[in-house]
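Spelled out, the chains give:
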Amino acid sequence: MPFLTRFLLFASIALILGLGTTWRAVSGGFFATTARHGPWTFWLREGTAEADPYTIAHIAREGSLPVTAASAMTFTATRDSAGSRLTGDCTYEVKGYAIPALWWNIAAFRKNGETMPNKTGRSSFSSANILAAPDGAFVVRLSPEVQPGNWLPLERGERVALRLTVLRPLAPDVLLNAAGRVLPTITLVECS
């Protein structure tokens, strides 16, 4: 094989691998930029002056405007607790307990960050309006079909992203370290 052909082949492979790993690091993060707790991902330096280039690129790509890390924490899930992608063709249960914070909100979006259009106009529940048990336990059902209780409508054929925003967490370090026990689980109920 001539030198020029080998060079172009290896340069093409390097370019594809470089762009692919960068895209993956910006879209989903990796061990140095994110913390994963079950299905939830938290960008460690989002909203801080120490944000790394991958976090900055992620924020720019998402089009979000993070508040300071001391004021809010944002967790995102695109998969259920078993690791399967969230889709608008299925019904899920998000089960959890009141999060130790001034206020929190759980919202469903299309994978690209847009809210899902629906006749109810509802795309989220917060600590102020969710129906919960006296001990703080709650269940939110995500489904394209009408559901009883706390229901967030999904759009068929769409990939789904959940965002849990926690404003003024009472103890951010404790919340992050105990996130596996504090954050809600996402369980597949059925697919149609």
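Residues numbered from 1 in each chain as written. Predicted model: local features only at pLDDT ≥ 70, side-chain atom pairs only at ≥ 80, totals over all residues. Heavy atoms only, no water.

Caption draft 1: Representation of the overall build of the protein chain. Check the secondary structure of the protein chain and you find four helices and ten strands. Scanning the protein chain from its N terminus toward the C terminus, one meets helices and strands in the order α-β-β-α-β-β-β-β-β-β-β-α-α-β. When each of the 192 residues of the protein chain is scored for burial, the buried share is 38%. Partitioning the intrachain contacts of the protein chain with sequence separation of at least 6 by distance along the chain shows that 68% fall at a separation of at least 24. With an accessible surface of roughly 10,900 Å², the protein chain has 61% of that area assigned to carbon and sulfur atoms. (Helix = DSSP H or I, 4+ residues; strand = E, 2+ residues; numbered from the N terminus. Buried < 20%, exposed > 50% of the residue type's maximum accessible area, 1.4 Å probe, protein only. Contact = heavy atoms within 4.5 Å. Areas by Shrake-Rupley, 256 points an atom, 1.4 Å probe, with all protein chains shown as cover.)

Caption draft 2: Focus on the side chain of arginine 141. Relative to the assigned elements, arginine 141 resides in strand β7 (residues 138-143). Within the local environment of arginine 141, its side chain forms a polar contact with the side chain of glutamine 147, the two groups lying 2.7 Å apart. (Polar contact = N/O pair within 3.5 Å; in protein donor to acceptor, adjacent residues only side chain to side chain.)

Caption draft 3: Layout of the sheet that holds strand β4 (residues 90-96). Spatial strand order, β8-β7-β4-β10: four strands in an open sheet with mixed pairing. The open sheet has two free edges, formed respectively by β8 (150-153) and β10 (185-191), since each of these has just one partner strand. In this sheet, adjacent strand axes meet at a mean angle of 25° when their direction is disregarded. Bridge count for β4 against β7 is five bridges, and the pairing is antiparallel. Counterpart to lysine 95 in the pairing with β7 is valine 139. (Pairing = 2+ DSSP bridges. Axes fitted to C-alpha atoms, helices over the stretch in contact; angles between N-to-C directions.)

Caption draft 4: Broad picture of the pattern of salt bridges. In this structure the tally under the stated criterion is six salt bridges. A salt bridge links lysine 95 to glutamate 93; its shortest N-O distance comes to 3.4 Å. Its relative accessible area of 40% is what places lysine 95 among the partly exposed residues. Here arginine 141 and glutamate 93 are joined by a salt bridge, their closest N and O atoms 2.5 Å apart. (Salt bridge = Lys/Arg side-chain N within 4 Å of Asp/Glu carboxyl O.)

Caption draft 5: Broad picture of the nonpolar core. Core analysis: the largest hydrophobic core is formed by 28 residues, its most contacted members being Trp40, Val140, Leu162 and Leu164. Broken down by secondary-structure element, the contributors of at least two residues to this core are β2 (40-43), β3 (72-77), β4, β5 (101-110), β7 and β9 (160-169). The contact partners of tryptophan 40, leaving out residues within four places of it in the chain, are Ala35, Phe75, Thr76, Ala77, Ile106, Leu162, Leu164, Leu183, Pro184 and Ile186. (Core = buried A, V, L, I, M, F, W, Y, C linked by side-chain atoms within 4.5 Å.)

Caption draft 6: Summary view of the packing of aromatic side chains. Per the stated rule, a full pass over the model turns up two aromatic pairs. Taking 6.4 Å as the distance between ring centres and 25° as the angle between the ring planes, the aromatic pair formed by phenylalanine 3 and phenylalanine 7 counts as stacked. Residue phenylalanine 3 and its partner phenylalanine 7 are located together in helix α1 (residues 3-28), separated by four residues, close to a single helical turn. Look at phenylalanine 3 and you get exposed, because its relative accessible area is 61%. One cation-aromatic arrangement involves arginine 163 over phenylalanine 109; the distance from NZ or CZ to the ring centre is 5.2 Å. (Phe/Tyr/Trp six-rings, centres within 6.5 Å; stacked < 30°, edge-to-face > 60°. Lys NZ or Arg CZ within 6 Å of the ring centre and 35° of its normal.)

Caption draft 7: How the structure looks around the environment of aspartate 89. Mapped onto the secondary structure, aspartate 89 falls in the loop between β3 and β4. Each C-alpha atom of the pair aspartate 89 and valine 160 lies 9.7 Å from the other, and the pair is 71 residues apart in sequence. Look past the residues within four positions of aspartate 89 in its chain and what remains in contact with it is Pro144, Arg156, Gly157, Cys191 and Ser192. Only 2.9 Å separates the side chain of aspartate 89 from the backbone nitrogen of glycine 157, close enough to count as a polar contact.

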